[in-house]
Amino acid sequence: MTTTVRAYGVYDTNGPVEPVTLERRDVGAHDVQIAIMFCGICHSDINFVENPLPGSPLVPGHEIVGEVIAIGGEVTKHAVGDRVGIGCMVNSCRECANCVRGEEQYCLNGHTLVFSSPDLDGTMTQGGYSQQIVANEDFVVKVPTSLDPAAASPLLCAGATVYAPLKDWNVGAGSTVAIIGLGGLGHLAVKFAKAKGAEVTVLSRSDSKREDALHLGADAYFATAEEGTLNDLANSFDLIINTVSGAIDVDAYLSLLALGGALVNAGIDRDPVTFNMYNVIRNRRSYTGTHFGSIRETQEMLDFAAEHGIVADIEMITATEIDEAYRRILDADVRYRFVLDNTTI
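Residues numbered from 1 in each chain as written. Predicted model: local features only at pLDDT ≥ 70, side-chain atom pairs only at ≥ 80, totals over all residues. Heavy atoms only, no water.

*Asks:* It is not clear to me how the pattern of salt bridges should be interpreted in this structure. Could you clarify?
*Replies:* Considering all chains together, one arrives at 14 salt bridges under this definition. A salt bridge links Lys191 to Asp313; the shortest N-O distance between them is 2.7 Å. Pair noted here: Lys191 is in helix α5 (residues 184-195) and Asp313 is in the loop between α10 (295-308) and β16 (314-317), with a separation of 122 residues, a long-range link. A relative accessible area of 27% places Asp313 in the partly exposed class. (Salt bridge = Lys/Arg side-chain N within 4 Å of Asp/Glu carboxyl O. Helix = DSSP H or I, 4+ residues; strand = E, 2+ residues; numbered from the N terminus. Buried < 20%, exposed > 50% of the residue type's maximum accessible area, 1.4 Å probe, protein only.)

*Asks:* Would you explain the sheet that holds strand β15 (residues 286-289) in this entry?
*Replies:* Picture the strands of a sheet paired through backbone hydrogen bonds; they go either parallel or antiparallel. Within the open sheet, the 6 strands sit side by side as β12-β11-β10-β13-β14-β15. Their pairing is parallel. The sheet is open, and its two edges are formed by β12 (220-223) and β15, each paired on a single side. In this sheet, neighbouring strand axes are inclined to one another by 20° on average, regardless of whether the strands run parallel or antiparallel. Pairing geometry for strand β14 (residues 257-265) and β15, over 4 bridges, is parallel. Paired with Val264 across the strands is Thr288, a residue of β15. (Pairing = 2+ DSSP bridges. Axes fitted to C-alpha atoms, helices over the stretch in contact; angles between N-to-C directions.)

*Asks:* What am I meant to see in empty space enclosed by the protein here?
*Replies:* Here the idea is plain: a probe the size of a water molecule rolls over the atoms and shows the empty space left. This model, assessed by the stated rule, comprises 1 cavity of 30 Å³ or more. What the largest cavity holds in volume is close to 90 Å³. Contributing to the lining of the largest cavity are 13 residues, with Gly87, Cys88, Leu156, Ile295 and Thr298 lying nearest its centre. The set of elements that each furnish at least two residues to the lining of the largest cavity consists of β5 (83-86) and α10. The residue inventory of the lining of the largest cavity, partitioned by class, reads 9 nonpolar, 4 polar and no charged. (1 Å grid on protein atoms, 1.4 Å probe; cavity = no way out; pocket = protein on both sides within 12 Å on 5 of 7 lines; lining within 4 Å. Points joined across faces, edges and corners; volume = space filled by probe spheres on them. Nonpolar A, V, L, I, M, F, W, Y, C, P; charged D, E, K, R; others polar.)

Here it is in structure tokens:
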């Protein structure tokens with residue numbers, strides 16, 4: 001039988017995030033039912049609430065940490081009482097070339113997002129601003145108990161998103177890595193890159209976050225709005241991770257890459273991007289993007305985070321403060337991630 005739970009969501013475009021009720025599906029043979037403890041607040045949550053489907057609520061939230069309270073009869077990966085997490089997706093086709101390779105986030109037939117996607121029972125998925133969730137065991141990861149569960153919740157999206165390029169470009173001792181932007185993604189990128197042994201530089205427009213960056217472990221910090229800064233850094237970095245969602249001067253940042261270096265976009269700019277191909281050809285550079293991590297990669301990231309004591313710097317909020325948190329995120333007034341205490345729903 002289905003379970004009725006309390007949640008917070010929106011009914012109208014840019015409407016208030018308000019109390020709603022959800023019917024969570026019955027626990028199937030391969031499902032786990034999770035009591036949600038905490039859910040991180042991501043900028044992409046705000047993007048989705050701009051376009052809810054008419055007539056039904058949209059419940060965001062995809063940085064979920066909770067406890068397993070029931071399992072299906074054929075579940076083998078999780079047990080009642082386990083601390084677990086769910087990130088951006090809860091299913092994929094399992095059959096396409098990318099899924100077979102263990103890269104479900106790039107499912108050629110489209111992965112199922114944790115909210116605002118067609119679910120197994122024909123309804124739309126609903127996310128983590130709720131008391132409980134039911135999901136297939138294959139898309140649920142184990143959250144090490146050594147990590148603070150609230151501060152670990154942003155790892156399920158932000159952490160996985162910045163960990164992926166560090167792994168894909170084999171960052172380690174001797175690597176030079178630059179992080180554009182010091183926000184929810186950027187501050188975790190600094191922590192992970194430093195833990196992997198890289199020399200880490202933060203690039204931010206102003207000097208306002210210099211002290212924070214160095215405290216987080218960055219080796220250097222440069223205010224890019226200062227004249228001559230980017231010229232002085234030419235040919236310096238093996239990898240640059242762009243974590244900002246707005247437009248950047250792609251050519252200027254490509255010029256900072258050393259031989260074979262890559263500029264990877266973790267943030268998304270909705271406007272078309274132009275750049276001079278010569279800046280790619282010269283120094284054999286790459287300009288590319290990254291999605292959130294696969295399930296396998298997300299688990300690896302969580303285990304790495306536990307080994308190195310990495311969690312997000314957070315500010316806890318109650319359910320009635322979600323709208324205010326959204327406003328502050330849009331004003332870049334958070335250091336560095338809001339986390340919802342789901343016991344307040």
